[in-house]
Amino acid sequence: MTEIDAKIDALVPAWLTLPDIAEQFGVEVTRVRQLVKDGQLIAVRRGENRALHVPAAFIDGDKVVKGLSGTLTLLRDDGFTDEEMLEWLFTPDPSLPGTPAQALSENRGTEVKRRAQALAV
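- The protein chain carries the name DNA-binding protein in an unreviewed UniProt entry, which gives Streptomyces cahuitamycinicus as its organism.

**Focus on helix α2 (residues 18-25)**
Point 1. Every buried residue of α2 is accounted for by L18, I21, A22 and F25. In a view along the axis of α2, the buried residues occupy a sector of 100°, so they form one face of it. Looking at α2, the residues exposed on the side facing more than 90 degrees away from the buried face are P19 and E23.
Point 2. In this structure, the buried side of α2 is in contact with β2 (15-17), α3 (29-37), β4 (51-55), β5 (59-60) and β6 (63-64).

**Some words on the pairing of β4**
Point 1. The element β4 is extensively covered by neighbouring structure, given that four of its five residues are classed as buried.
Point 2. Direction of pairing for β2 relative to β4: antiparallel, over a ladder of three bridges. Its bridge partner lying in β4, T17 is registered against H53.
Point 3. Inspection of the sheet shows strand β3 (residues 44-46) paired to β4 by three bridges, in the antiparallel sense. Across the sheet, residue R46 finds its bridge partner in β4, namely A51.
Point 4. Hairpin connection, β3 to β4: the antiparallel pair is bridged by four residues, and G47 has positive phi, about 85°.

**With respect to the packing of α2 against α3**
Point 1. In contact at an axis separation of 8 Å, α2 and α3 are set at 110° when each is read in the N-to-C sense. Comparing the axis directions of α2 and α3 gives the class roughly perpendicular. For the pair formed by α2 and α3, the contact residues are L18, P19, I21, A22 and F25 on the first element and V29, V32, R33, L35 and V36 on the second.
Point 2. Looking at the contact of α2 with α3 residue by residue, the classes come out as nine nonpolar, no polar and one charged.

About the thresholds
Residues numbered from 1 in each chain as written. Predicted model: local features only at pLDDT ≥ 70, side-chain atom pairs only at ≥ 80, totals over all residues. Heavy atoms only, no water. Buried < 20%, exposed > 50% of the residue type's maximum accessible area, 1.4 Å probe, protein only. Helix = DSSP H or I, 4+ residues; strand = E, 2+ residues; numbered from the N terminus. Arc of directions from axis to C-beta. Contact = heavy atoms within 4.5 Å. Pairing = 2+ DSSP bridges. Axes fitted to C-alpha atoms, helices over the stretch in contact; angles between N-to-C directions. Parallel < 35°, antiparallel > 145°, perpendicular 65-115°, else oblique. Nonpolar A, V, L, I, M, F, W, Y, C, P; charged D, E, K, R; others polar.

Given below as structure tokens:
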């Protein structure tokens, strides 16, 4: 859980707090915190009260977007920090098209993972 810089904050179109996610999932906020701790979500501190926020694009109704967890694992294995992962996921990629985060939400996770694996080469 890290502080967010202005560049990444501008890349991510919408954010959700951990209590908002817990409400959507119908679980306690401690369960959402565990998802962050386990690396299935990225949470950063932002806003006036420095509350933890997760990009809204990572949430699909009452679950985490399919393919996100595996993509985050690949990027971590490549040595990416949370900030670098957010930047990569929300920077437009003309070969997708769109951003990797958009592709994940459109169930195109295989394409995203392929690009993430290529970063390690």
